[in-house]
Amino acid sequence: MIAAHLPALQIAVPLIAAPICLLLRRENLSWAWATFISWVVFALAWVMLEKTLTGGAFNYELGGWEAPYGIEYRVDALNAFILLIVAAIGAVVMPYARASVAREIPEHKRGLFYTAYLLCLTGLLGITITGDAFNVFVFLEISSLSSYALIALGRDPKALTAAFQYLIMGTIGATFILIGIGLMYQMTGTLNMADLAKRLPAVEDTRPVLAAFAFFIVGVCLKLALFPLHLWLPNAYAYAPSVVTAFLAATATKVSIYVLYRFVFTIFGQSFSFDVIPLESILLVLSLAGIFAASIVAIFQTNVKRLLAYSSVAQIGYIMLGVALVSVAGLTASILHIFNHAIMKGALFLCMGAVYYQIGSVKIEDMNGIGKKMPFTMFAFVIAGLGLIGVPLTVGFISKWYLITAVLEKGWWPVAVLILLSSLLAVIYIWRVVEAAYFKAGDSDDVVVKEAPVSMLIPIYVLTGASVYFGIETSLPLGTAAEAAKQLMGIGG
Amino acid sequence: MRHHLVLRVVAKLLIPLIMLFALYVQFHGDYGPGGGFQAGVIFGAAFILYALIFGLDNAQKVVPSGYLMALVSAGLLLYAGVGFAAMFKGGNFLDYGVLAGDFIAGQHLGILLVELGVGITVCAVMIVIFFAFAGRGNGDEEDDDIATSPDLSPDSSPNSAREV
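Scoring rules and cut-offs
Residues numbered from 1 in each chain as written. Chains lettered and ligands numbered in written order. Predicted model: local features only at pLDDT ≥ 70, side-chain atom pairs only at ≥ 80, totals over all residues. Helix = DSSP H or I, 4+ residues; strand = E, 2+ residues; numbered from the N terminus. Rg over C-alpha atoms; globule rule 2.2 N^0.38 Å. Buried ≥ 20, exposed ≤ 12 C-beta atoms within 10 Å, placed from the backbone. Contact = placed C-beta atoms within 7 Å. Expected span 1.5 Å × (residues − 1). Axes fitted to C-alpha atoms, helices over the stretch in contact; angles between N-to-C directions. Parallel < 35°, antiparallel > 145°, perpendicular 65-115°, else oblique. Nonpolar A, V, L, I, M, F, W, Y, C, P; charged D, E, K, R; others polar. Left-handed = near helix turned anticlockwise from the far one by under 90°. Domains from an automatic or database assignment. pLDDT = per-residue confidence, 0-100.

## Some words on the overall build of chain A
Within chain A one finds 20 helices and two strands. A globule of 493 residues ought to have a C-alpha radius of gyration of about 23 Å, and chain A, at 21 Å, matches this closely. Across its three principal axes, chain A shows a C-alpha extent of roughly 75 × 55 × 40 Å. Of all 493 residues assigned to chain A, the portion counted as buried reaches 59%. For chain A, the proportion of contacts with a sequence separation of at least 24, taken over those separated by at least 6, is 79%.

Shown next, in the form of C-alpha cells:
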C-alpha cells in the first residue's frame, strides 16, 4: 500500500508531525520526534529516487481527482533528486540540533522551534514535489513563513531585523510569483504544470504571457537570491540560529532554483525562454557579476557566518551560470552543484555552529588559535573549505570541472577564465579563517575552550565525509543530474 | 470595566449570536457561501469581543493558552487525519469518496470534517494572535522589559518628572 502513496506520504508525514510536535510539550520529546520524522522523510525520498531512476516518472492524484482538475504530484529524476537533498540535509542536521538549540534558543520556545522546522521541511518538500503551479505558491508560503519565524529566533537582537527584512523581500518575491501564475491562469485556464506547458505555446506572443514570465522570473530570482536581489540573504544567514542557517543555506535557495528550472524549461519551454526572451544573456551577466561581487565582499567580512552567506550568493552564481549555458552539459553542472554546494555549505555552517556553541561568537578575531582548541571541528572546516575553493578530490572540484567543460563546449573561453579567477577569491576568504584558527595565537589561555560535543561532530563529519566521498565516487549525483538535465532539455527521458 | 454598562450588556447579547452565526457559516458552507476559514474568524471574533469588553485576564480564564495551543494543533490533525483515513480506506490522500458507504455521502462527510478542522485551527489562531498582541508588556516575555520599565509609567514620582 505504501508504495502507491509515496508522493503523498512525503508531504503528509511531516505535515501531520508538526501539530503532534507542538502537543508533545517536552523539549526532548519534540526533538526526538522531529529527528525521527526527518529520518522517515529521508527514507521516503530515497525510495522515490530509486523508483524514478529505474521506472521513470510517476504521478499521484490528490483526493482522487484527475490531473488537470485536481492537484497532481509528479515525481521525476530532477525533483526526486532535489527532494533527496532537502530530506538528507534535514536528517543530518536534526541530530546536531539538540545541543545547538539548547544553547541558542530560550527553553519555552524550543518546542515551537521544532514545530516550525517541520513545517518548513513540509513546505520545501511540497514546492519540489507538486505538479501544480498554484500549489507551488502555497507551499512556498508555508516554507517562507516558518523560515521567517526560525530566523527571528536567533539570539542576537539583529535576528529580528534580519527576519523582517527577509519577510519584506520574500513577500515581494512571492507576490511577483503569484502575479505571474495568475496571469498564466488567466491566459490558459489551467494551473497544472503539464497542462500549462501544452497550452502556453498557443498564446505565447501575447503581452500577459510576457508579463507573467517577467514577474515570475524576478520573483523567483528574489527567492533564490540571485545577485543583485540577494540583499536579504547575508543578514538572515548571519543572525539565524546555527541549525537554521545550516538547514536553510543548504535547502531553501536550492528549492527556489528548482522552481526556476521547472518553469523556464518545462512550462514556458526552452524556445520561449531563450529565443523569444534573451534570458541566457541576463542570467550570464548577473551570475558572473554575482560570483565576483559576492566573493569580493565575502573577503572583507569579519563575521564568518556572514562571510559564508556571501559565499553562498557567489555559489548561486555558479549554479545560474550553468542555466545560462542552455545545454545538457551546463544544466548537469548546475544540478550537480546544487547537490555539492548543499553538502559543503551545510558542513561549513555546522562547523560555525559548533564554534558558536563553544566560544559564543563567530567573529574572525575571536577565533584566533581555535584550531588547537577545537581540532576536529576546524579540520572539517578546512576540508569543506577546500571543497568550496574547488580542490581536486572534493565535490567542489567536480562541480567546477563540469561547469568549465560545459562553458568550453560553448566556446566561451573568457567565461572559463573568469570561473578559475573567481576560485582564487574563494581561496582568500577561506584562508582568512584558516589563518586565524591555526596561525594566530589565542589571546586567552585561561578560558578553557573544548572540542564540540560528539552529537555535533558526527553530523559535521557525515557532511564533510560526503563532500570527499562524492568528490571521488560521483556516479550517484552525476548520473541523476545528467538524467534530470536531459529530461529538462527534452532529450530522451 | 464597571462604567461601560451599555457595551457590556450589548456584548453579552451579541456574543452568543456571533457564535451561532459562525456555526451557521461553518455547517452551511457545503451548500452556500461560507466555510471553515470564515467561520473560524467569526467564532474567534466572539472571544476577541469578550476580551475587549471584559479584559484580557477574564478572557484567558475562559480559554487558557494551553488549550488554545492544543486547539491550533487539533484542527490541523483533524484535516490531515481525514487525509490518512481516506488512505487507509483504500483511496488516495484526501479522497473523501471512500470515507462513507457511497461516493456522495463520503464527499459530504469528508468536506464537513476537513472544514471543521480548518474552522478550529483558524479560530484558535485568531485568539492566539490577539492574546499575543494584547498581552505584550505583561511580563509574558522575559525579553520585553522596555514596555514594563517603571520609569515610563505616569504615576512614578512627580519630582523626576519635574527634573526632566
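The discussion continues.
## Digging into helix α8 (residues 207–224) of chain A
All names here are of chain A. In this model α8 runs 26 Å from its N-terminal to its C-terminal C-alpha over 18 residues, within 8% of the 26 Å that 1.5 Å per residue would give. For α8, the set of buried residues is Val209, Ala212, Phe213, Phe215, Phe216, Ile217, Gly219, Val220, Cys221, Leu222, Lys223 and Leu224. Its buried side turned inward, α8 meets α6 (158–188), α10 (242–267) and α13 (304–324). Positioned one or two residues after α8, alanine 225 has a phi angle of 65°, which is positive.

## Here's the deal with the packing of helix α16 (residues 375–389) of chain A against helix α18 (residues 413–439) of chain A
Residues and elements named next belong to chain A. Here α16 crosses α18 at 170°, and the two axes come no closer than 9 Å. One element, α16, and the other, α18, form an angle in the roughly antiparallel class. Between α16, through Met378, Phe381, Val382, Gly385, Leu388 and Ile389, and α18, the contact on the second element is made entirely by Ser423, Ala426, Val427, Ile430, Val433, Val434 and Ala437. Along the lines of polarity and charge, the residues of the contact of α16 with α18 split into eleven nonpolar, two polar and no charged.

## Considering the packing of helix α14 (residues 328–359) of chain A against α16 of chain A
Residues and elements named next belong to chain A. Where α14 meets α16, the axes come as close as 9 Å, and the angle between the chain directions of the two elements is 150°. Considered as vectors, α14 and α16 are oriented roughly antiparallel to each other. Handedness of the crossing formed by α14 with α16: left-handed. Residues Met344, Ala347, Leu348, Cys351, Ala354 and Val355 of α14 lie in contact with α16, whose contacting residues are Thr377, Ala380, Phe381, Ala384, Gly385, Gly387 and Leu388.

## Overview of the domain arrangement of chain A
All names here are of chain A. Considered domain by domain, chain A is made up of domain 1 (1–277) and domain 2 (291–493). For domain 1 and domain 2, the distance between their C-alpha centroids amounts to 22 Å. Counting residues at the interface gives 39 residues for domain 1, matched by 39 residues for domain 2. Among the secondary structure elements, those contributing two or more residues to the side of domain 1 that touches domain 2 are α3 (77–104), α9 (233–239), α10 and α11 (270–276).

## Section: the environment of serine 30 of chain A
Its location among the elements puts serine 30 of chain A in helix α2 (residues 27–55). If we skip the residues at most four places from it in the chain, serine 30 of chain A touches Cys21, Leu24, Arg110, Gly111 and Tyr114 of chain A.

## What to know about the interface of chain B and chain A
Taken together, the contacts link 15 residues of chain B with 13 residues of chain A. The residue makeup of the side of chain B that touches chain A, split by class, is nine nonpolar, five polar and one charged.

## Concerning the environment of isoleucine 11 of chain A
Residue and element names in this part refer to chain A. Its place among the elements puts isoleucine 11 in helix α1 (residues 6–24). For isoleucine 11, a count of 27 C-beta atoms within 10 Å puts it in the buried group. Not counting chain neighbours up to four residues away, the residues in contact with isoleucine 11 comprise Thr122, Leu125, Gly126 and Ile129.

## Things to note about the confidence of the model for chain A
Scored by pLDDT, chain A comes out at a mean of 90, with 98% of its residues at no less than 70. The weakest mean pLDDT in chain A belongs to α11 of chain A at 83; the strongest belongs to helix α5 (residues 133–152) of chain A at 94.

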